[in-house]
There are 2 protein chains.
Amino acid sequence: MKVIILAGGGGSRLFPLSRKAYPKQFLALEDDKSLLVHTVERFLSMVSPEDIVLVTNESYYYHVQNELELCHADKAHIVLEPIARNTAPAIALAAKYCDTELGCDRDEVLVIAAADHVIRQREAFADCVSKAAAVAGEDAFVTFGIKPRSPETGYGYIEAGEERDGSFRVLSFKEKPDLALAEQYLAAGNYYWNSGMFAFRLGCILDELAAYQPEISGLLEGRSYQEVHDRFEDMPSISIDYAVAEHSKRVRMVPLSCYWNDIGSWDAMYDILPKDKAGNAVKGDCITIDCKNSLLIGHDRLIAGIGIDDLLLVESDDVIVATKKGNSQKVKDVVDTLKKNHRKEATEHTTLYYSWGTSSALGKGKNYVMRKLRIMPGKALPLRMHYHRTEHFIVLSGTAGVKRDDKAMMIHENESVFIPQTSRYELANPGRIPLEIIEIRNGTYLGEDDVVEF
Amino acid sequence: MKVIILAGGGGSRLFPLSRKAYPKQFLALEDDKSLLVHTVERFLSMVSPEDIVLVTNESYYYHVQNELELCHADKAHIVLEPIARNTAPAIALAAKYCDTELGCDRDEVLVIAAADHVIRQREAFADCVSKAAAVAGEDAFVTFGIKPRSPETGYGYIEAGEERDGSFRVLSFKEKPDLALAEQYLAAGNYYWNSGMFAFRLGCILDELAAYQPEISGLLEGRSYQEVHDRFEDMPSISIDYAVAEHSKRVRMVPLSCYWNDIGSWDAMYDILPKDKAGNAVKGDCITIDCKNSLLIGHDRLIAGIGIDDLLLVESDDVIVATKKGNSQKVKDVVDTLKKNHRKEATEHTTLYYSWGTSSALGKGKNYVMRKLRIMPGKALPLRMHYHRTEHFIVLSGTAGVKRDDKAMMIHENESVFIPQTSRYELANPGRIPLEIIEIRNGTYLGEDDVVEF
């Protein structure tokens, strides 16, 4: 069995915590581990890291690598999409990788999972996955259905037919319904939410793509993995549901009998968090006085709520979103407005990921910018130079190996080094622990593009 | 005429913007000038700076001085209360100052004004003040009344009797009423809000204090200003309304026929700000989508409101307060809760005022604190030493004169200096422009109390 984790999405539904540059799978919502880490860990009880394939966007590569290291799964494979497409191309690329790079045979079962869902009850989950794998082994295209808890209008539905041995024939797939229809589905009892998880033999998905998506299949056949990767852009942007599941004659449904939530909005986030007696869910440093049924998520400020009800209030380090419960799907409108105004808050996050580590904004003012750098052991900011700014580096922890023009030096904890304009320098972490540095840029022009690399 | 501006208050009703260490008079609410600066400027069209006496608490001295410099009124007098008392002792101390230090005779008219009210229409205001001064000259104890705009329950009321020449006999003072009573007052037409502004002859206030407040008067008579100042603590904490106005037989009321608001809550703040078509008042970087009748005040983050109505949301650099409109008097409860938990947010502000300038928090993390210092020309941080922390100073603008142990040096823009633990140092601004410095403290203990001064 191979597990394909789809970690390429770049949604904005949990803005301001999620951004294009920092999508939901990287958020730590329930504890201090990201949804991606939880997803990987869930499968590590079933397979080895080598059996996991993460499909993600090139721009998330270093971030995904960091996350895999965190859960000791750095031997997992990372498949990079050159461009964001939908799930069918992502799964096709991963299937090709399993075929030619991992040498899987056509009977290998592939389990497809999203990286950004909340799933609880790991043992029940593992049981469902192994059930699905068994059904998939009998050559079925398996979808995972969730027994609905409420008449949700935000999910697609699966209409289940007769059961055999714990899996169901699928009569039809239903688009996101309106409320009246969703209530009918709920009352009928044989409709399930479509979780977006799948299981099938490698041979099955290749056959079904050939049967229903010749445009995709044609790009896979007779080509090396590298060739498929290079022509990825030519694939149509289409979901695996539309591309295959709705056409396939082999589709069956296995109910996912554990807690599942795709956290598609701040309303959903409110649902998954523990609440106090007045129905308030709070994270971070919060005080509530006469508040009811509200969600308060603080970042580094104290949040005081007074007499509010049904409010969702979320602070990140550059944005605060306040929305009435039930309105949180309009968070997307904020992101669209910001994009229209070319504001970086729409897409960027204050922490940027690089091959050498991370750089987080600490603040800025007239003529200065402060950032915190975290350089991983053995890594380095490559040789570089700035025309318009001087830089001060102050070491908070670890030891920095600095080359400035022709001089090499070691900078220890609590020491600093000054880089004048146009000096060439390299900043390395020769040590065994992460090197943490405060960087202070001074100058009249402080743009990220004032950097010359050699 | 002398103008006594009462600038000693330390309220928490506009928390988180106002704190004990940063009361309302220092806030810039309508534009970039503080309420105190606006108050001083309002009177500068009527009197010279030398005719203005500011009564404030010792802990606000440097801040008040900065503000006076801003409006070119540094020749105004500052009377320092050694401890916070109510308005009667503050006025008594200022009257003593006018008497013995400024050499005013008993016929000098004193106009008493609060430093933290919003008053518009300066010419109309000046006309009222000169009207009141004339009435005071005829030996009346003059209060300023505001024609009520609504049945406010947060103000005391003045019941006006017959008019003579634009001023009214006062029949009675009424405590803050309940809503039914406030509505009766409004309907009656001869009730005015008590503004807390007064005008009287120096001789009048001394006589009335002698008649009705022998405890206060006894401390004034036959003593020098310095002696009165030193025994200020012995005065009873009582408002001038209770102490004198409600007893005096000479009290008259002059209507203040201009816009007045004492901004006693965030609800009041909402009232004074301009609003968009949907009734939203916004300050700072805000986006509103489907919002109604809400107040959004941003500091340095983007605030996005979605589908909210009747919400008051205020961000400062360390706290966010969200409250339903009509509940904003409960902001005090937040401050009380914080005080109970010994949290510095209850009283302190992130900018601290010193004799040499200001120090503002920029951020902190594990083992480091960043602040921005602004040292005024000719001023210096006196010789000092820290046991537990090293410090890096990076000059943003100006030139720093640093003595570190036995070494003197000049640090220029974009340069830095390092102060090891237990080094003695002095940090001066020998130049002509403010010296701006980023201070970075490193160490395992970073408390404000780790400083030894010599």
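Peer 1: What exactly am I supposed to notice about the interface of chain A and chain B here?
Peer 2: Quite often, the size of an interface is put as the accessible area lost when its parts meet. Taken together, the contacts link 50 residues of chain A with 50 residues of chain B. For the pairing of chain A and chain B, the buried interface totals around 4,400 Å² over both sides, and the portion due to carbon and sulfur atoms is 62%. The largest contributions to the chain A side of the interface with chain B come from A:Arg301, A:Ile306 and A:Ile320, which together make up 17% of the buried area. Run the count over chain A and chain B and you get 8 salt bridges. Our count for the contact surface shared by chain A and chain B stands at 32 residue pairs in polar contact (both at pLDDT 80 or more). The element contributing the most residues to the side of chain A that touches chain B is strand 17 (residues 319–324) of chain A, with 6 residues. Pairing analysis gives 5 bridges linking strand 17 of chain A to strand 15 (residues 302–306) of chain B, with the strands arranged parallel. Bridge pairing in strand 15 of chain B places A:Ile320 opposite B:Ile303.

Peer 1: Could you clarify how one ought to interpret the sheet that holds strand 28 (residues 452–453) of chain A in this entry?
Peer 2: Residues and elements named next belong to chain A. Read across the sheet, 5 strands follow the order 24-23-26-21-28 without closing on themselves; strand pairing throughout is antiparallel. Edge strands, defined here as strands with exactly one partner in the open sheet, are strand 24 (407–411) and strand 28. Summarising the sheet, strand 23 (residues 400–404) and strand 24 pair through 5 bridges and their orientation is antiparallel. Paired with Gly401 across the strands is Met410, a residue of strand 24.

Peer 1: Looking at this structure, I do not really get empty space enclosed by the protein. What am I missing?
Peer 2: Once rolled over the atoms, a probe with the size of a water molecule shows which space is left empty. All names here are of chain B. Tallied over the full model, the rule gives 2 cavities of 30 Å³ or more. Estimated volume of the largest cavity: approximately 40 Å³. Within the lining of the largest cavity, the residues separate by chemical class into 4 nonpolar, no polar and 4 charged. Of the volumes computed, that of the second largest cavity is approximately 30 Å³. Lining the second largest cavity are Thr39, Arg42, Phe43, Ala113, Ala114, His117, Ile119, Phe125 and Met197. By residue number, the principal contributor to the lining of the second largest cavity is helix 1 (residues 35–44), which donates 3 residues. Class assignment of the residues belonging to the lining of the second largest cavity gives a composition of 6 nonpolar, 2 polar and 1 charged.

Rules used throughout
Residues numbered from 1 in each chain as written. Chains lettered and ligands numbered in written order. Predicted model: local features only at pLDDT ≥ 70, side-chain atom pairs only at ≥ 80, totals over all residues. Heavy atoms only, no water. Contact = heavy atoms within 4.5 Å. Buried area = accessible area lost by both parts, 1.4 Å probe. Salt bridge = Lys/Arg side-chain N within 4 Å of Asp/Glu carboxyl O. Polar contact = N/O pair within 3.5 Å; in protein donor to acceptor, adjacent residues only side chain to side chain. Helix = DSSP H or I, 4+ residues; strand = E, 2+ residues; numbered from the N terminus. Pairing = 2+ DSSP bridges. 1 Å grid on protein atoms, 1.4 Å probe; cavity = no way out; pocket = protein on both sides within 12 Å on 5 of 7 lines; lining within 4 Å. Points joined across faces, edges and corners; volume = space filled by probe spheres on them. Nonpolar A, V, L, I, M, F, W, Y, C, P; charged D, E, K, R; others polar.

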